[in-house]
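Report on the structure
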Amino acid sequence: MKNGFWFATVLCLLTTLPPVAPRAAPLDVVGTWQGSLTVQGFSLRIVFRITMGPDGGLRCLLDSPDQGATDIPTSGVTFENGALRIDVEAVAGFYLGTANDDVSEFTGEWTQGGQARPLVLRRSEKPIDYSRPQDPRDPLPYNVEDVTFPNEEAGITLAGTLTTPATGRPSPCVLLISGSGPQDRDEAIAGHRPFFVLSDHLTRQGIAVLRVDDRGIGESTGNFGEATTEDFASDAAAGIRYLESRLEIRPRKIGLLGHSEGGLAAAMVAAQTGGIAFVVLVAAPGVVGDELLTMQARALSEAEGLPEALVRRNLAVQAAIFEALKKSDSSTREERVRTVIRESLEDLEPSEQQQLGNADAYVEAQVQMLTSEWFLFFLNYDPALALRNVSCPVLALNGELDLQVPPAENLGAIAAALKEGGNTEVTIQELSGLNHLLQTARSGAPSEYSTIPETISPVVMNIISEWILLVAK
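So, how was this worked out
- Residues numbered from 1 in each chain as written.
- Predicted model: local features only at pLDDT ≥ 70, side-chain atom pairs only at ≥ 80, totals over all residues.
- Heavy atoms only, no water.
- Helix = DSSP H or I, 4+ residues; strand = E, 2+ residues; numbered from the N terminus.
- Rg over C-alpha atoms; globule rule 2.2 N^0.38 Å.
- Contact = heavy atoms within 4.5 Å.
- Areas by Shrake-Rupley, 256 points an atom, 1.4 Å probe, with all protein chains shown as cover.
- Lys, Arg positive; Asp, Glu negative; His and termini not counted.
- Charge placed at Lys NZ, Arg CZ, Asp CG, Glu CD.
- Buried < 20%, exposed > 50% of the residue type's maximum accessible area, 1.4 Å probe, protein only.
- Salt bridge = Lys/Arg side-chain N within 4 Å of Asp/Glu carboxyl O.
- Polar contact = N/O pair within 3.5 Å; in protein donor to acceptor, adjacent residues only side chain to side chain.
- Phe/Tyr/Trp six-rings, centres within 6.5 Å; stacked < 30°, edge-to-face > 60°.
- Expected span 1.5 Å × (residues − 1).
- Arc of directions from axis to C-beta.
- Axes fitted to C-alpha atoms, helices over the stretch in contact; angles between N-to-C directions.
- Parallel < 35°, antiparallel > 145°, perpendicular 65-115°, else oblique.
- Left-handed = near helix turned anticlockwise from the far one by under 90°.
- Nonpolar A, V, L, I, M, F, W, Y, C, P; charged D, E, K, R; others polar.
- Core = buried A, V, L, I, M, F, W, Y, C linked by side-chain atoms within 4.5 Å.
- Right-handed = clockwise from strand over helix to strand, strands pointing away.
- Pairing = 2+ DSSP bridges.

All right, on to the overall build of the protein chain then. Along the backbone of the protein chain there are 13 helices and 17 strands. For 473 residues, the compact-globule estimate of 2.2 N^0.38 gives 23 Å, and the C-alpha radius of gyration of the protein chain, at 23 Å, lies within 12% of that figure. Nonlocal contacts in the protein chain, meaning residues at least 24 apart in sequence, comprise 64% of its contacts between residues at least 6 apart. For the protein chain, the accessible area works out to roughly 20,300 Å², and carbon and sulfur atoms hold 51% of it. Across the protein chain, 36 positive and 61 negative side-chain charges occur, with their mean positions spaced 4 Å apart.

Next up on the list: the side chain of Lys-253. For Lys-253, the position within the fold is in strand β14 (residues 249–259). In this structure Lys-253 is buried but unpaired, with Glu-425 as the nearest side chain of opposite charge at 9.7 Å.

Time to look at the side chain of Glu-261. Looking at the secondary structure, you find Glu-261 in helix α4 (residues 261–272). When its relative accessible area of 3% is taken as the criterion, Glu-261 is described as buried. At 2.5 Å, the side chain of Glu-261 and the side chain of Thr-229 are in polar contact. Here Trp-374 takes part through its side chain, which lies 2.9 Å from a polar atom of the side chain of Glu-261.

Counted by the stated rule, this structure contains 10 aromatic pairs. Taking the centre distance of 6.3 Å and the plane angle of 50° together, the rings of Trp-374 and Phe-375 count as tilted. Pair check on accessibility: Trp-374 and Phe-375 agree, each one buried. Between Trp-374 and Phe-378 the ring centres are 5.0 Å apart and the planes differ by 10°, which places this aromatic pair in the stacked class.

This next bit is on helix α9 (residues 359–370). For α9, which comprises 12 residues, the first-to-last C-alpha distance of 16 Å matches the rise-based estimate of 16 Å (1.5 Å per residue) to within 8%. Listed in full, the buried residues belonging to α9 are Tyr-362, Val-363, Val-367 and Leu-370. With its buried residues spanning 130° around the axis, α9 presents them on a single face. Summarising the contacts, the buried residues of α9 are in contact with β9 (115–123), α6 (308–326), α7 (333–346) and α10 (373–380).

So, about the packing of α6 against α7. Where α6 contacts α7, the axes come no closer than 9 Å and their chain directions differ by 165°. Viewed along their axes, α6 and α7 adopt a mutual orientation that is roughly antiparallel. The element α6 and its partner α7 pack so that their crossing is right-handed. Within the contact between the two elements, α6 uses Val-317, Ala-320, Ile-321, Ala-324 and Leu-325 and α7 uses Arg-333, Arg-336, Val-337, Val-340, Ile-341 and Ser-344. When grouped by side-chain class, the residues that make up the contact of α6 with α7 number 8 nonpolar, 1 polar and 2 charged.

With that settled, consider unusual backbone geometry. Keep in mind that most residues, glycine aside, have a negative phi and that most peptide bonds are trans. The omega torsion across Asp-138 and Pro-139 is 0°, close enough to zero to call that bond cis. Mapped onto the secondary structure, Pro-139 falls in the loop between β9 and β10 (142–151). Even without being glycine, Asn-81 reaches a positive phi, approximately 55°. Positionally, Asn-81 belongs in the loop between β5 (76–80) and β6 (83–88). Judged by relative accessible area, Asn-81 falls into the exposed class, the value being 85%. We note that Ala-190 has phi near 55°; this positive angle belongs to a residue other than glycine. Looking at the secondary structure, you find Ala-190 in the loop between β12 (171–177) and α2 (194–204).

A few words on the nonpolar core. Of all hydrophobic cores here, the largest spans 72 residues; its most connected members are Leu-210, Leu-243, Leu-281 and Ile-341. No other element matches the 8 residues that helix α3 (residues 229–244) contributes to this core. For Ile-341, the residues in contact, after removing those within four places along its chain, are Ile-321, Tyr-362, Val-363, Gln-366, Val-367 and Leu-370.

Moving on to the pairing of β14. Among the 11 residues in β14, 8 count as buried, and that is most of the element. Following the chain from β14 across α4 to the adjacent parallel strand β15 (residues 279–282), one finds a crossover that is right-handed.

Remark: α3 packs on α4, axes separated minimally by 8 Å, with the N-to-C direction vectors making an angle of 60°. Taken together, the axes of α3 and α4 lie oblique to each other. In the packing of α3 onto α4, the handedness of the crossing is right-handed. Only Glu-261, Leu-264, Ala-265, Met-268 and Val-269 of α4 make contact with α3, whose side of the interface consists of Thr-229, Glu-230, Phe-232, Ala-233, Ala-236 and Ala-237. Its residues assigned to classes, the contact of α3 with α4 comprises 8 nonpolar, 1 polar and 2 charged.

Moving on, we get to the sheet that holds β12. Taken together, the 8 strands give an open sheet; going across it, the order is β10-β11-β13-β12-β14-β15-β16-β17, and neighbouring strands pair in mixed fashion. Both outer strands of the open sheet, β10 and β17 (426–431), are each paired with one neighbouring strand and no more. Strand-to-strand twist of the sheet, defined as the mean angle between neighbouring strand axes without regard to direction, takes the value 20°. Where β15 meets strand β16 (residues 394–399), 4 bridges bridge the pair, whose relative direction is parallel. Note that in β16 the partner of Leu-281 across the bridge is Ala-396. α2 rests against β10, β11 (156–165), β12, β13 (208–212) and β14 of the sheet, and its axis sits at about 165° to β13.

Moving on to the pattern of salt bridges. Any two side chains of opposite charge can pair, given that their charged atoms come close. Scanning all chains against the criterion turns up 23 salt bridges. A salt bridge links Asp-135 to Arg-193; its shortest N-O distance comes to 3.3 Å. Residue Asp-135 is located in the loop between β9 and β10, and its partner Arg-193 is located in the loop between β12 and α2; the two are separated by 58 residues in the primary sequence. Looking at Asp-135, the relative accessible area reads 10%, which means it is buried. On the accessibility criterion, Arg-193 (30% relative accessible area) is partly exposed. A salt bridge links Glu-323 to Lys-327; the nearest nitrogen and oxygen atoms lie 2.9 Å apart. Residues joined by salt bridges that share partners form a network here, namely Arg-298, Glu-302, Glu-308 and Arg-312.

This is the structure we're talking about:
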């Protein structure tokens, strides 16, 4: 969910900055250095590629392969007396580490937003392969077209990729809606591109696919930071209108597939828009936001092996924050949340407080996220409001090991809401051994996402394509 991507959320704001000439440094630091950050259970690979410039100064490019970000310029590199410092002004972050005797490893911390996290860098002698075995490779046996279309209501232009079967006749079509956080059209996450892989499979089976950059991300215009789930639903509805204008698409055979938060948006559109042929909900929430976030926090904490006392303490703080948000208005909300967070920090051990780095910066970052329009909407939204009004066929899938949207509670709530609304064309499946991304997993922990070669289970893709072709007949 949205609060699970600390580093990813910031990376999307990167702009190209010219490297700043740093001070001269020894040649033995030149090379490729790799490490992993652990952020709220997610393992994110970080790669620094250090070179020597023509002026004798060090240059560096940063890669975050698990977020699909490469060749990010840094703003300064120094290596003096065994200490390496790499500054990345664009994300208000820096790395500071100390070399071992043979300069093959640096032990240090990545600091960002006032928060320091351990990061050990080791020299990587081999080129790093960022590809995944399921990534489609040219030549592709179908038509690929980059497209744009307006959301006139929002005054923005959305950009995406439309893939259509090379059959010469109109095809059923599905519009993909990504999960939480700033997502490109491929839904790039943890070094994977789930929507790229899924769209390739579906189009090879005879189903056209439109996948789209979120507003304000990639080539789409608009402001992502000010958007709520309702805004993303509005963007999806604009995509449906665009698809209805395309001659390659079969009329009234256009459906929606939403992953995670995208499932909320898909249900909203289907409930409000006539003519939606089908809806596929993949790891979609079925319960109210605050209830989901509580389930998620416990499941992720237990997966990380946190002591029960610490889990209870964290859940109590979260509950107090939610209560402050619900019982305050816009004039008092930020201060009430700030007070709860500051009081919670007072209960931390000195070592825990030290890990936060700049406590004031940490508190303010949390306050801004928790009081954002997106979070306030998500916290209070009940998916049943839309699901009761969805009358088209629905396929709801979730993985047995999903820790972000626990399957039993959420699939059960989805089924109940659809039944209450009188929808009898519903298929619900909990899939054994799969995580939130529908990868074949061991524990379901987000820290596994990037370590699993599989992007999405072929079993899942076959279930989706076969079901769509069946209901589109």
